[in-house]
Amino acid sequence: MIGGRIIEFLAQIEDFQKMLFEKKKFVTETQYCITVGTIAEDFYADISANDAQWAEWKDLFHIDEEQRNIFNSNAKTRNDRRVAFLKAHPTLVLDTKHFSAEFVDRLLAGFDDLDEMTDGLLIHSENFQALSLLLEQYRRNVKCVYIDPPYNTDASPILYKNGYKSSSWASLMENRFGPARSLLTSDGVLVVAIDDEQQRELSFVLSRVFENRLLGTICVRANPSGRPTQTGYSVAHEYLLFAG
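So, how was this worked out
Residues numbered from 1 in each chain as written. Predicted model: local features only at pLDDT ≥ 70, side-chain atom pairs only at ≥ 80, totals over all residues. Heavy atoms only, no water. Helix = DSSP H or I, 4+ residues; strand = E, 2+ residues; numbered from the N terminus. Buried < 20%, exposed > 50% of the residue type's maximum accessible area, 1.4 Å probe, protein only. Contact = heavy atoms within 4.5 Å. Areas by Shrake-Rupley, 256 points an atom, 1.4 Å probe, with all protein chains shown as cover. Pairing = 2+ DSSP bridges. Arc of directions from axis to C-beta. Salt bridge = Lys/Arg side-chain N within 4 Å of Asp/Glu carboxyl O. Patch = residues over 30% accessible without salt bridge, like charges linked within 9 Å, V, L, I, M, F, W, Y side chains within 5 Å. Core = buried A, V, L, I, M, F, W, Y, C linked by side-chain atoms within 4.5 Å.

Moving on, we get to the overall build of the protein chain. A tally of helices and strands in the protein chain yields 9 helices and 6 strands. For the protein chain, buried positions account for 32% of its 244 residues. Counting only contacts in the protein chain whose residues sit at least 6 apart along the sequence, the fraction spanning at least 24 positions is 71%. When the accessible surface of the protein chain is summed, it comes to about 16,400 Å², and 55% of that surface belongs to carbon and sulfur atoms.

Below, the structure is given as structure tokens:
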């Protein structure tokens, strides 16, 4: 009787924690990366005056907009040279995080179809929440999903319940494979990287989620010396498992 009440109480705590975790999260920030060549030249003066953006470009691409060349030979000021540089390098990628909200609103309003202009999406998030966010818009629209999950080793530990390490890891994977499968087209493929430590368990989880539609397993790397932290038999292989 007492044991049943304790189990019921613990279940309530677990259910509450699950409800909090699965609750849809707010998007805290959205930024855009836009190639300069797609931006109207009316914005170039503002871009040329943004030192933070130019500092990022110099750090990433080692550019030197101050260098004299045939494109800016008539430019008299630094901003003039920067505008000339923008016109000569249309593939430079502007990051809206460096600009004011007013500038970004004007910039985005200039595109008739922002989704059409956006050819890539990068999300910084816990992966379960990111998959849940993407699911409705991209359901059955993704050709390939590649996942490189934690290998469940001491070298890259994540938190588990003591005594249920392998099963907790398998649950972590299954909770993410389900939404990932819903993103795939009818001929889409899910690819998962793993090593010997959990390859067997991963195969079972994929078989369950994809209803035994495993496409194959490929060994992508062999390391005869094994993992440095592993004792006993060497964990010497890394694999890619395919399901669809």
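Okay, back to it.
Of all 12 residues in strand β4 (residues 184-195), 9 are buried, a share of seventy percent or more. Inspection of the sheet shows strand β3 (residues 142-147) paired to β4 by 5 bridges, in the parallel sense. By the bridge assignment for β4, Val 145 is matched with Leu 190. Bridging between β4 and strand β6 (residues 237-243) involves 6 bridges; their strand directions are antiparallel. Bridge pairing links Ile 194 to Tyr 239 in β6.

The next point concerns helix α5 (residues 101-109). What α5 keeps buried is the set Phe 103, Val 104, Leu 107 and Leu 108. What you see down the axis of α5 is that its buried residues fit within an arc of 125°, all on one side. What points out from α5, more than 90 degrees from its buried face, is the exposed set Ala 101, Asp 105 and Ala 109. Looking at the buried residues of α5, the elements they touch are β1 (33-35), α2 (44-48), β2 (93-95) and α6 (114-117).

A word on the pattern of salt bridges. According to the stated counting rule, one finds 11 salt bridges in the structure shown. The closest approach of N and O atoms between Asp 51 and Arg 82, which form a salt bridge, is 3.0 Å. Of this pair, Asp 51 sits in helix α3 (residues 51-61) while Arg 82 sits in helix α4 (residues 78-88); the two residues are 31 residues apart in sequence, bridging distant segments of the chain. Take Asp 51: its relative accessible area is 41%, and that puts it in the partly exposed class.

Take a nonpolar patch on the surface next. Residues Met 1, Ile 2, Ile 6, Phe 9, Leu 10 and Ile 13 make up a contiguous nonpolar surface patch of about 680 Å² in total accessible area. Among the secondary structure elements, Leu 10 is positioned in helix α1 (residues 2-22).

Moving on to the environment of Ile 123. Mapping Ile 123 onto the fold places it in the loop between α6 and α7 (127-138). The class of Ile 123 is partly exposed, set by a relative accessible area of 31%. Linking Ile 123 and Leu 134, residues 11 residues apart in sequence, is a C-alpha distance of 9.6 Å. Residues contacting Ile 123, with those up to four places away along its chain left out, are Ala 130, Leu 133 and Leu 134.

Counting 20 residues, the largest nonpolar core has Ile 39, Ile 47, Trp 57, Leu 86 and Leu 107 as the members making the most contacts within it. Among the elements of the structure, α2, α3, α4 and α5 are those that each provide at least two residues to this core. In terms of residue count, α5 provides more of this core than any other element does, 4 residues in total. Leave out the neighbours within four places in its chain, and Leu 107 touches Ile 34, Ile 39, Phe 43, Leu 94 and Thr 96.

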